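Here is how the chains run, residue by residue.
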Amino acid sequence: MAESGYEKDGPDKEEIKEEIVNKLKRTFGLTFDEATKDEIYQAVGLSVRELIMVRWADANKQVAEQGIKRLYYLSAEFLMGRALVNNMINLRLLRNYRDALAELGLDLEDIEEQESDAGLGNGGLGRLAACFLDSLSTLDMPVTGCSIRYEHGLFKQKFSDGEQTEEDDNWLENGSIWEVPRPEDKVEVKYGGHIEEIWTDRGLKINHTDYNSVIAYPYDYPVIGYESRMPATLRLWSARGKSDLDMQHFNKGDYAKAVEESALATAVSQVLYPEDNHEQGRQLRLKQFYFFTSASMQFIVNRHKKHYGDLHTLPDYYTVQINDTHPTVAIPELIRILMDDEDMQWDEAFDIVSRMFNYTNHTIMNEALERWNEQMFRILLPRIHKIITVIDGLFRDKIWEKWPGDRDKLNQLAIIANGEIRMANLCIAVCNKVNGVSQLHGEIIRTRTFRDFYILFPDKFLGITNGITHRRWLAKANMPLTRLIEDYIGDGFLKDYREMDKVRELIGNEDFLRDFAEVKRANKIRLRDHLYKKQGDEIDPDTAFDTQAKRLHEYKRQLLKIMHILHLYYRLKADPSADVTPATFLFAAKASPGYYRAKEIIRLILAVGRMINNDPDTKHILKVVFIENYGVSEAEFLVPATDISEQLSAAGLEASGTGNMKFMLNGAVTIGTMDGANAEIFDAVGEENIFIFGARVEDIERIERYGGYDPRAVCEQSADIKRVLDSLINGTLPVGAERQFYDLYNSLLESNCERADKYFLLRDFESYDRAYAEMMRVYRDGDAWRRKAATNTANAGVFFADRTILEYNEKVWKLEKLRDAESR
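Residues numbered from 1 in each chain as written. Predicted model: local features only at pLDDT ≥ 70, side-chain atom pairs only at ≥ 80, totals over all residues. Heavy atoms only, no water.

## What to know about the environment of H567
Phase 1 of the analysis: Inspection of the secondary structure puts H567 in helix α23 (residues 558–574).
Phase 2 of the analysis: Residue H567 is classed as buried on the basis of its relative accessible area, which comes to 3%.
Phase 3 of the analysis: Distance in space between the C-alpha atoms of H567 and L725 is 9.8 Å, their sequence separation being 158 residues.
Phase 4 of the analysis: Residues in contact with H567, not counting those within four places in the same chain, are D720, R723, V724, F765 and D769. (Helix = DSSP H or I, 4+ residues; strand = E, 2+ residues; numbered from the N terminus. Buried < 20%, exposed > 50% of the residue type's maximum accessible area, 1.4 Å probe, protein only. Contact = heavy atoms within 4.5 Å.)

Next comes the structure, spelled out in structure tokens:
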């Protein structure tokens, strides 16, 4: 059987063995027999890195020489996952390295375990950004991703005493073999101080005094796509003080003061998403977002001056994509640089910026649209505040011209209002294009979220459905399925996503379906073994693996799922012969440390798991497992093993989702609402191969507009729902009388500060129960289920990130490939 990752003109296994042994001697001064697994991992990784570096250097030189436009993709997160094996696959050298290590008496999986997951992201936002780098490189399009070199990830999730606790995720403790320091590109980023405006014969001059500053020190990571000659660059900025040590204070014995400036500076890049439920946390987040966007904009300008000269041609050579609103301050920052440092006039600078920037919106919920307290913003970024004030004034004129006399409309659409700076409004006012991340999301932002902006700028708005990289989520995560598909259609689909459509022809092939089912079972056994080794949980691969894996948030409705599991448990307790299909319910999610209700949902899931898993009447039928510290590497075990993909968000609130695509690709069947990309999965696989339940977007809009939804009445009319809800507070669950789940109970029935059951769990409960019952009926028919599962895999090509990138490029970026790459 063929195996992805073989390249005839790459180093063979003998050359690889020799290179690893020599790397250990040259790098560590050790023989192979003396080296630890970590040192062997570094030697292997460095040998892979060298192959990438040659292509990287050549490609970047050609981009500069040919004057090809480069995309700068700004994102607060890049959830990359481990790089070692992924790079081997994309270099088509996986088999060579696996065989070489085997002959050295080593297992590649053991070596890979030495690599930490990079703590550069948390959820779908960062994973999307990572997928985009892979696809852009695969398509030979020049891109630099820009973010922060967080020294510590979000946190390591642990479960202690039945609830989530957080530990430090020091992913850089042993360094990273993939990063390349670029000290020649370091820049200064300024905060606070006073701004003096001086008018001269040559125009406005800005004098910035009494500021504090940090040095942005860059590290570059090469990210190579499949068979790529144009590796992407991930530029990560690390914060440093101007001086690591104040010798005057040190020599006086004031050692704490001697390192104080350095410590305060490095705090900017210490932690991904510091808690913002206090003033200091909010200030630090704003500092972080300005830090990496200012550094990135300074770098673009400096690079352009070096290679091309005239800054008026910036839009010809660079396009900037803002991934959600976190990097929005890049817009006024580039205006500042062009005006204050490069002596441009306002009209020139604004015209350049408005032609360079584009904005991807990722949220429909109004409360999630980023806003900053204006007073805090003005103190921390006084010059940027002044520039935003000018943009706001000009935008207000445009609003007033469209809706003369409508002060409510003016206040609603303005960038600055009610003591807040609204970053989404700033993006829309300035950016060239604004896109949603699914077709449904694109329609919602045009007709609901940003309806009046759409009236102002109808040509700005579009929907581009998200995608995933199948090199990571199939070739890397599910090698057995990849080999199976290659045996039937070849490996062309790894380079050309459209080739995946050939799998559709295999749905009627019984041999393929049998092999497909065997691959799924092997993946379930692999997950079983992994979870037992990692956290001691025993799961049965002969049960249905039913998974809900996503960031913990109320609107994603993990609470609905665990309530339904309780419902199944009570059915079994009442009637041991009840028609309940044996299932293992797998949850994976982190809750933000300051998000109390999300952490309560985790505590509830763990409590229900303890009750069900230890009940002799049910433990052979139902099992609840919460996978600890979920990340990319854990997902690579979980996704291929999953039978059922739970996508339960309240309709109209999930912009797209990409987890749904990963599960679909790996042969899981979706049960979900008609929300986000679920609607497009429905179109792709057909209504018979997905299980849809619950209110539609129009139903929710009708309720929100006219009212009439009473969750308490729903509860009183359903004995099943009432029994589940009562168990949250009546002592049924093993948590003790003082730790009952009153907050969750009240949020569904008796909330005083917000609408009860804000996300319509009770309204959708019975609809979900019916869909679940039908789904499990089909699951028990093994042949029918295999066809549905394979149909999902066969139709996943449209959700590959390569398609997404080509669409962005056609409608937004207008990038070109390397000219020599086009002739390949």
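Don't stop here, the text continues.
## Considering the confidence of the model for the protein chain
Phase 1 of the analysis: Mean pLDDT over the protein chain stands at 94; residues scoring 70 or higher make up 96%.
Phase 2 of the analysis: This stretch, residues 1–8, has a pLDDT under 50; its non-local contacts, to residues over four places away or in other chains, come to 29 contacts. (pLDDT = per-residue confidence, 0-100.)

## Looking at the nonpolar core
Phase 1 of the analysis: F291, F357 and L725 are the most contacted members of the largest nonpolar core, which totals 279 residues.
Phase 2 of the analysis: Those residues within four positions of L725 in sequence are excluded, and the remaining contacts are M563, C715, Y745, L748, L749 and L762.
Phase 3 of the analysis: Formed by five residues, the second largest nonpolar core is a distinct cluster that contains A59, V63, I68 and M230. (Core = buried A, V, L, I, M, F, W, Y, C linked by side-chain atoms within 4.5 Å.)

## Some words on the pattern of salt bridges
Phase 1 of the analysis: Under the counting rule described, the total for this entry stands at 69 salt bridges.
Phase 2 of the analysis: With a closest N to O distance of 3.1 Å, R182 and D220 form a salt bridge. Of this pair, R182 sits in the loop between β5 (180–181) and β6 (187–191) while D220 sits in strand β9 (residues 212–223), and the two are 38 residues apart along the sequence.
Phase 3 of the analysis: Judged by relative accessible area, which is 23%, R182 ranks as partly exposed. (Salt bridge = Lys/Arg side-chain N within 4 Å of Asp/Glu carboxyl O.)

## Description of the side chain of E628
Phase 1 of the analysis: By secondary structure assignment, the location of E628 is in the loop between β20 (622–626) and α25 (632–641).
Phase 2 of the analysis: In contact with E628, other than residues within four places in its own chain, are Q157, K158, F159, K534, Q535 and E634.

## A few points about the packing of aromatic side chains
Phase 1 of the analysis: Within this structure, the stated rule accounts for 25 aromatic pairs.
Phase 2 of the analysis: Taking 6.0 Å as the distance between ring centres and 35 degrees as the angle between the ring planes, the aromatic pair formed by Y768 and Y772 counts as tilted. Taken as a pair, Y768 and Y772 lie in helix α32 (residues 761–780) at a separation of four residues, close to a single helical turn. Comparing Y768 with Y772 shows no difference in burial state: the two are buried.
Phase 3 of the analysis: Through successive ring pairs, a cluster of aromatic residues spans F395, F450, F453, Y454, F457 and F461.
Phase 4 of the analysis: Lying across the ring of Y219, R149 places its NZ or CZ 3.9 Å from the centre. (Phe/Tyr/Trp six-rings, centres within 6.5 Å; stacked < 30°, edge-to-face > 60°. Lys NZ or Arg CZ within 6 Å of the ring centre and 35° of its normal.)

## A word on the sheet that holds strand β21 (residues 644–647)
Phase 1 of the analysis: Pairing within the open sheet is parallel, and its six strands lie in the order β20-β19-β18-β21-β22-β23. A strand with exactly one partner marks an edge of an open sheet, and here the two such strands are β20 and β23 (691–692).
Phase 2 of the analysis: As defined by bridge partners, β21 adjoins strand β22 (residues 669–672) across four bridges and the pair is classed as parallel. In the strand pairing of β22, S645 is matched with T670.
Phase 3 of the analysis: Those strands touched by α23 are β18 (544–549), β19 (583–588), β20 and β21, and its axis lies near 155 degrees from that of β19. (Pairing = 2+ DSSP bridges. Axes fitted to C-alpha atoms, helices over the stretch in contact; angles between N-to-C directions.)

## Overview of unusual backbone geometry
Phase 1 of the analysis: Here Y273, not a glycine, exhibits a phi torsion of approximately 50 degrees, which is positive.
Phase 2 of the analysis: On the secondary structure map, Y273 appears in the loop between α9 (260–266) and α10 (279–307).
Phase 3 of the analysis: Residue K814 is not a glycine yet carries a positive backbone phi of 60 degrees.
Phase 4 of the analysis: Mapped onto the fold, K814 is located in the loop between α34 (801–813) and α35 (819–822).

## Section: the packing of α23 against α32
Phase 1 of the analysis: Contact geometry for α23 and α32: axes closest at 10 Å, N-to-C directions at 55 degrees. Classified by the angle their axes make, α23 and α32 are oblique. For the pair α23 and α32, the sense of crossing is right-handed. Facing L559, L560, K561, M563, H564, H567 and L568 of α23, the residues of α32 in contact are L761, L762, F765, Y768, D769 and Y772.
Phase 2 of the analysis: Partitioning the contact of α23 with α32 into residue classes produces nine nonpolar, two polar and two charged. (Parallel < 35°, antiparallel > 145°, perpendicular 65-115°, else oblique. Left-handed = near helix turned anticlockwise from the far one by under 90°. Nonpolar A, V, L, I, M, F, W, Y, C, P; charged D, E, K, R; others polar.)

## Some remarks on the sheet that holds strand β14 (residues 416–417)
Phase 1 of the analysis: The strand order β13-β15-β14 describes an open sheet built from three strands, whose pairing is antiparallel. The open sheet has two edge strands with one neighbour each: β13 (371–373) and β14.
Phase 2 of the analysis: Note: β13 against strand β15 (residues 420–422), three bridges, orientation antiparallel. Bridge assignment links R371 to a residue of β15, and that residue is R422.

## Comments concerning the environment of D340
Phase 1 of the analysis: On the secondary structure map, D340 appears in helix α12 (residues 330–341).
Phase 2 of the analysis: Measuring from C-alpha to C-alpha, the distance between D340 and F32 comes to 57 Å, with 308 residues separating the pair along the chain.
Phase 3 of the analysis: Apart from the residues lying within four places of it in its own chain, the contact partners of D340 are I206 and R383.
Phase 4 of the analysis: Only 2.8 Å separates the side chain of D340 from the side chain of R383, close enough to count as a polar contact. (Polar contact = N/O pair within 3.5 Å; in protein donor to acceptor, adjacent residues only side chain to side chain.)

## A few points about helix α1 (residues 13–28)
Phase 1 of the analysis: Look at α1: 22 Å from first C-alpha to last across 16 residues, which is about the 22 Å you get at 1.5 Å a residue.
Phase 2 of the analysis: Looking at α1, one finds that the buried residues are I16, K17, I20, K23 and L24. The arc that holds every buried residue of α1, seen down its axis, measures 125 degrees, which confines them to one face. The exposed set on the far side of α1, more than 90 degrees from its buried face, consists of E18 and R26.
Phase 3 of the analysis: Lining the buried residues of α1 we find α2 (37–66) and α4 (94–103).
Phase 4 of the analysis: The N-cap of α1, judged by a side-chain oxygen 3.1 Å from the amide nitrogen of E14 a few residues on, is D12. (Expected span 1.5 Å × (residues − 1). Arc of directions from axis to C-beta.)

## As for the pairing of strand β7 (residues 194–200)
Phase 1 of the analysis: Taken together, the seven bridges between β7 and strand β8 (residues 203–209) define a ladder with antiparallel strand orientation. Bridge pairing in β8 places T200 opposite G203.
Phase 2 of the analysis: Hairpin connection between β7 and β8: a loop of two residues separates the two successive antiparallel strands.

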